[in-house]
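Chain and residue survey
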Amino acid sequence: LSRYLHEDVHLSAPAGGGKTFLAIRHTINKLRLSSKGKILFISPNRPLCFHFVHWLIMHARFSLPKVSRNKLLQRLVLMHAPYDRITRAQIAADSYIVLEELKAMPDDLVLAIFDEAHAIFRTNQGIFQEVHAQRKLVLSDRSQSFLLETKYPEMRRVHLTEVVRSTKRLVLGANAFQQIGRASCRERV
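Residues numbered from 1 in each chain as written. Predicted model: local features only at pLDDT ≥ 70, side-chain atom pairs only at ≥ 80, totals over all residues. Heavy atoms only, no water.

1. Things to note about helix 2 (residues 46-63)
Spanning 18 residues, helix 2 covers 25 Å between terminal C-alpha atoms, matching the ideal 26 Å at 1.5 Å per step. With respect to burial, helix 2 is a largely interior element, 13 of its 18 residues being buried. Taking the backbone nitrogen of Leu48 as reference, a side-chain oxygen 2.8 Å away marks Asn45 as the first, capping residue of helix 2. (Helix = DSSP H or I, 4+ residues; strand = E, 2+ residues; numbered from the N terminus. Expected span 1.5 Å × (residues − 1). Buried < 20%, exposed > 50% of the residue type's maximum accessible area, 1.4 Å probe, protein only. Polar contact = N/O pair within 3.5 Å; in protein donor to acceptor, adjacent residues only side chain to side chain.)

Printed below as a string of structure tokens:
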């Protein structure tokens, strides 16, 4: 994916194919290229936003060791269904991730990531055009997107064909989304 840093990309793969991991790597590469601009992460639910923030912090420790967690999070904004608010994550004194609502969409987006795009575009086709970013990365699950193939925006397509996570890790990852109805605005780091 690093060879597509300067292009819009639609990355599709089966569940466990590594889409979110590659989005994290793509995000870190974008942050490395420039000390300015923000990354927008869009998902159909809040727990997936927390999951992305958690992974980003974890991987940035090694990939961006000189950047503090709060400095890193100042470059990240989040949006989830119903896609009417923008938030940013902060690390509270008790090491929880808290979301703070922003008044407006930043105008310096270097990358917008649409995770679980099959769910986002099923309910909100216009969001892709409404988000103005230098580059866009669309992540979709191959098994859930076949009905939407014609509705995805025109862009470079990359298809991953192998599942890279084990069944045990898939189950553990899925646990983060078991409490979607009870999701709070706080998640421990």
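Okay, back to it.
2. Some points on the environment of Leu160
For Leu160, the position within the fold is in the loop between strand 8 (156-159) and helix 7 (167-175). Along the chain, Leu160 and Lys19 lie 141 residues apart, while their C-alpha atoms are 8.3 Å from each other.

3. Focus: the nonpolar core
Most often, soluble globular proteins have nonpolar side chains that are buried together. Ranked by size, the top nonpolar core spans 32 residues in total, and within it Phe41, Phe52, Val53, Leu76, Leu78, Ile113 and Leu137 carry the most contacts. Counting residues per element, this core draws most heavily on helix 2, which supplies nine residues. The contacts of Val53, once residues within four sequence positions are left out, are Leu73, Leu76, Leu78, Ala89 and Ile97. Counting 18 residues, the second-largest nonpolar core is a separate cluster that includes Phe114, Phe121, Ile127 and Met155. (Core = buried A, V, L, I, M, F, W, Y, C linked by side-chain atoms within 4.5 Å. Contact = heavy atoms within 4.5 Å.)

4. Structural notes on the pairing of strand 4 (residues 86-91)
The sheet contact formed by strand 4 and strand 5 (residues 96-102) spans six bridges and is antiparallel. Opposite Ile86, over in strand 5, you have Leu102 as the bridge partner. Taking the residues that link successive antiparallel strands as the turn, the strand 4-strand 5 hairpin has four residues, and the phi of Ser95 there is positive, at about 65°. (Pairing = 2+ DSSP bridges.)

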